[in-house]
Amino acid sequence: MRGDMDCFHEPFGEWWYRGDDAPWPRIQEDSPRKPGLTFEKTWEDLKKAARKGPVFSKDFPHYVEHAWSFEFLDYFKHSFLIRDPAKVITSMYKHWPDFEIKETAVLEQRQLFDRICDRDGSPPPLIDSDDLLEDPQGIIRSWCEAVDIPFISEALSWKPGDRSEVSWYDGGSWHGNLRNSDGLKPQPRKYISMSDAPDAVKEMYDIVVPHYQHMHQYRLLAR
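Residues numbered from 1 in each chain as written. Predicted model: local features only at pLDDT ≥ 70, side-chain atom pairs only at ≥ 80, totals over all residues. Heavy atoms only, no water.

Chemist: Looking at this model, I keep getting lost on the environment of Lys202. Mind explaining?
Modeler: Considering the arrangement of structural elements, one finds Lys202 in helix α9 (residues 199-216). Looking at Lys202, its side chain comes within polar contact range of the main-chain oxygen of Ser195, at 3.1 Å. (Helix = DSSP H or I, 4+ residues; strand = E, 2+ residues; numbered from the N terminus. Polar contact = N/O pair within 3.5 Å; in protein donor to acceptor, adjacent residues only side chain to side chain.)

Now the structure itself:
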């Protein structure tokens, strides 16, 4: 909606789940595949787009953890978006009851966050999704200042429906709310209880929540 960037939605994720030599740990013989899609091709497509102008790409860190050299990481201006693990894990369990802890990406996110902190000597911009939903204008304004781009209030609104500029590579199974929305608007903060979750899911939560809490202390606040 900003109109000043070429945007990509989980380009490395499509390879991780569906491409050649896809490392998705739960992949099966009948899993959807996209022959010819490789990590190298995805990376070259991003670099090609970046040679033409500014690029914004959203991805999960575990999709590219094998490439975490500083040579690779230095191509990007990194920002982080974190979410309450109770919401992450219960959502994943709803969609994928057999999901693995790696698919939450919380551990890898903490590792990459610390790596960028060590490299730069200060934490990169980090948003907590609850803060974002509670005050979209304020948090987005703070983020724009942190990454040195103009804040465009109008970019927080859009017409509902499928959009050609959004890559629904799996058909959009996780994006029903986004498809039916018309913008980022303030929403009351919600809390999810883990009391009714299966024991295995509770164990995952106990493992990842300290890493979320570590990153949470560095989150951006509304100006």
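Chemist: Can you help me understand the packing of helix α4 (residues 85-95) against α9 in this one?
Modeler: In a packed pair of helices, the relevant descriptors are the angle between the two axes and the axis-to-axis distance. Interaxial distance between α4 and α9 falls to 9 Å at its minimum, and their mutual angle equals 145 degrees. The way α4 lies across α9 gives a crossing that is right-handed. Seen from α4, the contacting residues are Pro85, Ala86, Ile89 and Tyr93; seen from α9, they are Val201, Met204, Tyr205, Val208, Val209 and Tyr212. Taken together, the residues of the contact of α4 with α9 sort by class into 10 nonpolar, no polar and no charged. (Axes fitted to C-alpha atoms, helices over the stretch in contact; angles between N-to-C directions. Left-handed = near helix turned anticlockwise from the far one by under 90°. Contact = heavy atoms within 4.5 Å. Nonpolar A, V, L, I, M, F, W, Y, C, P; charged D, E, K, R; others polar.)

Chemist: How do you make sense of α9 when you look at a structure like this?
Modeler: Two residues of an α-helix separated by three or four positions point the same way, owing to the 3.6 residues in each turn. For α9, which comprises 18 residues, the first-to-last C-alpha distance of 25 Å matches the rise-based estimate of 26 Å (1.5 Å per residue) to within 8%. Most pronounced at Val208, the bend in α9 amounts to some 35 degrees, and the proline Pro210 follows within four residues. Within the sequence span of α9, burial applies to Val201, Met204, Val208, Val209, Tyr212, His214 and Met215. Turning to α9, the residues buried within the fold contact β3 (80-82), α4, α5 (106-120) and β4 (126-128). (Expected span 1.5 Å × (residues − 1). Bend = angle between axes of the 7 residues up to and from the residue. Buried < 20%, exposed > 50% of the residue type's maximum accessible area, 1.4 Å probe, protein only.)

Chemist: Please clarify how the pattern of salt bridges should be interpreted in this entry.
Modeler: Any two side chains of opposite charge can pair, on the condition that their charged atoms come close. This structure, assessed with the given rule, holds 19 salt bridges. Arg189 is paired through a salt bridge with Asp131; the nearest N and O atoms lie 2.8 Å apart. One end of the pair, Arg189, is in the loop between α8 (176-179) and α9; the other, Asp131, is in helix α6 (residues 129-134), with 58 residues separating them in the sequence. Linking Arg219 and Asp131 is a salt bridge whose minimum nitrogen-to-oxygen distance equals 2.8 Å. Taken together, the residues Arg219 in the segment after α9 and Asp131 in helix α6 connect sequence positions 88 residues apart. Classification of Arg219 as partly exposed rests on a relative accessible area of 27%. Asp131 gets classed as buried once you look at its relative accessible area, which sits at 10%. (Salt bridge = Lys/Arg side-chain N within 4 Å of Asp/Glu carboxyl O.)

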